Amino acid sequence: MERKSGILMPIFSLPSKYGIGTLGKEAYKFADFLAAAGQSVWQLLPLGPTSYADSPYSSFSTFAGNPYFIDLDTLVSDRLLKRAEINAVDWGADPRHVDYGKIYEHRFALLSLACGRGWERDREAVAAFERENSRWLPDYALFMALKRRFGMKSWMEWPDEDARMRTPAAMESYRAELADDIRLFTYIQYLFYKQWDALRDYVHGLGIDIVGDLPIYVATDSADIWAEPQFFQLDEERRPQFVAGVPPDSFNDDGQLWGNALYDWDALKADGYGWWIRRTEGALKLYDVIRIDHFRGFESYWSVPAGAKTARNGEWRKGPGMDLVGVLKGWFPQARFIAEDLGYMTPEVMKLLADSGFPGMKPLQFAFGEGGEGFLPHNCAYDTICYIGTHDNPTLHQWLGLLTRKELAFAKKYCALSEEEGYDWGILRMGQLTASQLFVAEMQDYLGLGDGCRINTPGVVDGNWQWRALPGELSPALARRIRELTARYGRLAAAAGKKAQAGA
C-alpha cells in the first residue's frame, strides 16, 4: 500500500452563502483543492441528521443523511427551488461559524417547497430509492414525522404511549395521518443521497478516498433504537437501564457521561450481529474507509446506571471483541477500517487491536507531554494512522500555545522547529515524515488558525461543530505548499499529482 496523506474537513465547515457547508459547488472545489495539494484522502465527520447540541455524533439515524447538507443552488438548477426563495432567507452574518438556529428555522421550509414540486416528477426514482433502503427509510421517515407531531420531543417523552411503543394499530394510523411529512422526510433522503452519490463519484474520479467516522453508539433519541429496541439495554417501558460514558481520569474527575443507550450484545449476537452488518453496509455506501469511534468499547465498555448525574459510579462490562470484528471482516472482506484506539487502553484492548488487523491512531498532540513517548514520530509505525490531533483536540496553532515551557522546548529540539519555517509547519512536516501509512491533518492546521476555529471541546455544550473556512481561504498557493511537503516525504498521490501538474 502506498504512503498517503489527507485532510480532515467536515462538510459543515465548507464555505457557503447559506449558513453551512453543503454538497454543492464548494465541496467540489475542495475536492479539487485536495487533488492540487497532492492529497489522496478526504476525512469527514459523521453525515447524519443532528439532534442534541448539533453534534454529528448524536444523530436521529445512523443511516440517514443530514438535510442541512443538501445544496440549495443545486435545487435551483434542478427547478425545485427559486433563487428568490433562497435569497429571502437570513442565513446569518458570520461566515466563519454556523448559526444552527437559523438553519433549523429556514431549511426545512425550503426543502418542503422542493418536495412539493419534485415528488410527482421524481416518483419513479424515489420509489427505487425507497426499495433500495427499505430496511431503515420507512421507520426513519415515520419517526421524524412523529417527532414533528409531538413538538420534536424525544421519542421517550411522546405523549402517545402507543406511538412510543410502536403498537401495530398506532403505526398504521399515524402512517395515514402523517403521510405528508413522511413523504417529505423520504424525499429529503432521496435528495441527500442523489447529491452525495454525485459528489462521491467526482471525488473518486480525482483518485481520492473518503474516510468517514462511525460512532460506536447511536443516539438514544434515534429511529434506530425506537425501531429496533430489542438490540439495546432497555427496560419493559423501553427506557435505558444503563447508559454510555467513560470513567474518571486525570482530565475529568467525574468522567464523561455520554448518555447513549447501551447495546444488548447477547441479543445482537443471537441475531448474528445483523444490526451491525446493516450499519456497516450503510456506512460503506458513504465512505471508502470507516474510522470506528471508541474502538476500545468493543473489548469492554463503561456502563453507568441510567439517571446518574456523573459517570463516576459506572463499571466495565465485556464487549463482543473479536466475535463482532470477525463477523464484520467476514461480511466485508474488502472493507478498510481505522480503529480509534485512544483513551483508557489495557492489554486486552491492545490485543483486540492487534487481532483485528486494523491500524490504530497516533496523534502528535499527545507526543510531547508526560507519557507521550509512544506517540512520538519515530514510534509511528507503518500499521498506524498519524494525526496532528482529532476533532476533539485544539487546532495545531492553539495546541502549540498551550504547551508548557518544558514541552515546547522538547518539541522544538525534537522537531527542529524554527520561526523561519513556522512552528505549525514544522509539526506538519514531522507528521508527513512518519512511517505511518496515512497522515491526516485538520484543514485549520494548514491554515494556521487558532481561537474560535476548534471543531469540538468535549464536555462543553456551546460553540462546537461551527467552524467554517472562509471563501478564498483555500488558495492555490496553500495547495502548492501542501503538495510540496507531501511530495517531499513520499506521500504524493499519483492521480492528484497529475491533476495538479495539468492545472498548473
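Look above for the structure.
Along each chain, the written sequence defines residue order, and numbers are assigned to residues from 1. In view of the model being predicted, local features appear only for residues whose pLDDT reaches at least 70, and side-chain atom pairs are presented and counted only at 80 or more, with totals across whole chains, interfaces and linings using the full set of residues. For the side-chain quantities, the full set of heavy atoms in the structure was used; hydrogens and water were omitted.

1. Quick notes on the overall build of the protein chain
In terms of regular secondary structure, the protein chain is built from 20 helices and 12 strands. With the C-alpha coordinates of the protein chain rotated into their principal frame, the extents come out at 70 × 55 × 40 Å. Only protein chains enter the accessibility calculation, which uses a 1.4 Å probe; a residue whose area is less than 20% of its type maximum is buried, one above 50% is exposed, and one in between is partly exposed. In the protein chain, buried positions account for 57% of the 504 residues. Counting contacts in the protein chain only where the partners sit at least 6 residues apart, residues at least 24 apart contribute 74% of the total. Counting only carbon and sulfur atoms, one obtains 52% of the accessible surface of the protein chain, whose full area is about 21100 Å². His is not counted, nor are the chain ends, whereas Lys and Arg count as positive and Asp and Glu as negative. A charged residue contributes its charge at one atom only: NZ of Lys, CZ of Arg, CG of Asp or CD of Glu. Taking the average location of the 56 positive side-chain charges in the protein chain and that of its 67 negative ones, the two points are 5 Å from each other. Counting from the N terminus, the helices are DSSP H or I runs at least four residues long and the strands are E runs at least two residues long. Note on contacts: a residue pair is in contact if any heavy atoms of the two residues lie within 4.5 Å. Note on areas: Shrake-Rupley, 1.4 Å probe, and residue coverage restricted to the protein chains presented here.

2. Considering the nonpolar core
Counting residues in each nonpolar core, the largest one holds 162 residues, and the members touching the most others are Met9, Phe30, Trp42, Trp276, Phe298, Met443 and Tyr446. With 12 residues, the single largest contributor to this core is helix α9 (residues 179-205). Apart from the residues within four sequence positions on either side, Tyr446 is in contact with Ser5, Ile7, Trp425, Leu428, Gln432, Phe439, Ala441, Leu478 and Ile482. Take the buried Ala, Val, Leu, Ile, Met, Phe, Trp, Tyr and Cys residues and link them wherever side-chain atoms come within 4.5 Å; each set so joined is a nonpolar core.

3. Focus: the pairing of strand β7 (residues 300-305)
Most of β7 is tucked away: 5 of the 6 residues are buried. Here a strand pair is declared whenever DSSP counts at least two bridges between the two strands. Where strand β4 (residues 242-246) lies against β7, 4 bridges are found, and the strand directions are antiparallel. Bridge assignment links Gly245 to a residue of β7, and that residue is Trp302. Of the pairings in the sheet, the one linking β7 to strand β8 (residues 315-318) comprises 4 bridges and is antiparallel in character. Note on β8: the bridge partner recorded for Tyr301 is Arg317.

4. Focus: α9
To estimate the expected span of a helix, count its residues, drop one, and scale the result by 1.5 Å. If you check α9, its first and last C-alpha atoms are 39 Å apart, about what 27 residues at 1.5 Å a residue would give, namely 39 Å. The positive-phi residue at the C-terminal boundary of α9 is Gly207, with phi of around 75°.

5. Overview of the sheet that holds strand β2 (residues 41-43)
Overall, parallel pairing links the 8 strands, which are arranged β9-β6-β3-β2-β1-β12-β11-β10 in an open sheet. Single-partner strands in this sheet number two, and they are β9 (336-339) and β10 (360-363). Neighbouring strand axes in the sheet, compared pairwise and without regard to direction, differ in orientation by 25° on average. Here 3 bridges tie β2 to strand β3 (residues 209-214), and the two strands are oriented parallel to one another. Note that in β3 the partner of Val41 across the bridge is Asp209. With axes taken as lines fitted to C-alpha atoms, and helix axes fitted only over the stretch in contact, angles between N-to-C directions fall between 0 and 180 degrees.

6. A short note on the side chain of Ser55
Note on placement: Ser55 falls in the loop between β2 and α2 (72-77). Polar contacts here mean pairs of N or O atoms no more than 3.5 Å apart (in protein, one a potential hydrogen donor and the other a potential acceptor; neighbouring residues in sequence count only if both atoms are side-chain atoms). Among the polar contacts listed, one links the side chain of Ser55 to the backbone nitrogen of Tyr57, at a separation of 3.0 Å.

7. Thoughts on helix α12 (residues 274-284)
Counted residue by residue, α12 has 9 buried out of 11 residues, so it is predominantly covered. Every buried residue belonging to α12 is among Gly274, Trp275, Trp276, Ile277, Arg278, Arg279, Thr280, Gly282 and Ala283, and all of these are buried. Elements that come into contact with the buried residues of α12 comprise β3, α10 (223-227), α11 (265-270), β6 (289-292), α13 (322-331) and β9.

8. A look at the packing of helix α4 (residues 100-118) against α9
Two numbers describe how α4 lies on α9: the axes approach to 9 Å, and their chain directions differ by 90°. The orientation of α4 with respect to α9, classified from their angle, is roughly perpendicular. Only Arg183, Leu184, Phe185, Tyr187 and Ile188 of α9 make contact with α4, whose side of the interface consists of Phe108, Leu111, Ser112, Ala114, Cys115 and Gly118. Looking at the contact of α4 with α9 residue by residue, the class counts come to 8 nonpolar, 2 polar and 1 charged. Angular relationships are summarised with four words: roughly parallel below 35 degrees, roughly antiparallel beyond 145, roughly perpendicular across 65 to 115, and oblique for the angles in between. Each residue receives one of three labels: charged for Asp, Glu, Lys and Arg, nonpolar for Ala, Val, Leu, Ile, Met, Phe, Trp, Tyr, Cys and Pro, and polar for the others, Gly being one of them.

9. Some remarks on the pattern of salt bridges
Salt bridge, as used here, is a side-chain nitrogen of Lys or Arg placed within 4 Å of a carboxyl oxygen of Asp or Glu. With the rule as written, the count across this model stands at 32 salt bridges. When the shortest N-O distance is used, the salt bridge between Arg166 and Asp139 registers 3.2 Å. Taken as a pair, Arg166 in the loop between α7 (161-165) and α8 (168-177) and Asp139 in helix α6 (residues 137-149) lie far apart in primary sequence, 27 residues in all. Overall, the relative accessible area of 21% leaves Arg166 in the partly exposed class. Under the relative-accessibility criterion, Asp139 is labelled buried at 18%. Look at the salt bridges and you will find they share partners, linking Asp78, Arg121, Asp122 and Lys194 into a network.

10. Considering the pairing of strand β11 (residues 384-387)
What you see with β11 is no split at all: Thr384 and Cys386 on one side and Ile385 and Tyr387 on the other are buried throughout. Strand direction decides the pairing type here: β10 and β11, joined by 4 bridges, are parallel. Paired with Lys362 across the bridge in β11 is Cys386. Direction of pairing for β11 relative to strand β12 (residues 438-442): parallel, over a ladder of 3 bridges. Paired with Cys386 across the strands is Phe439, a residue of β12.

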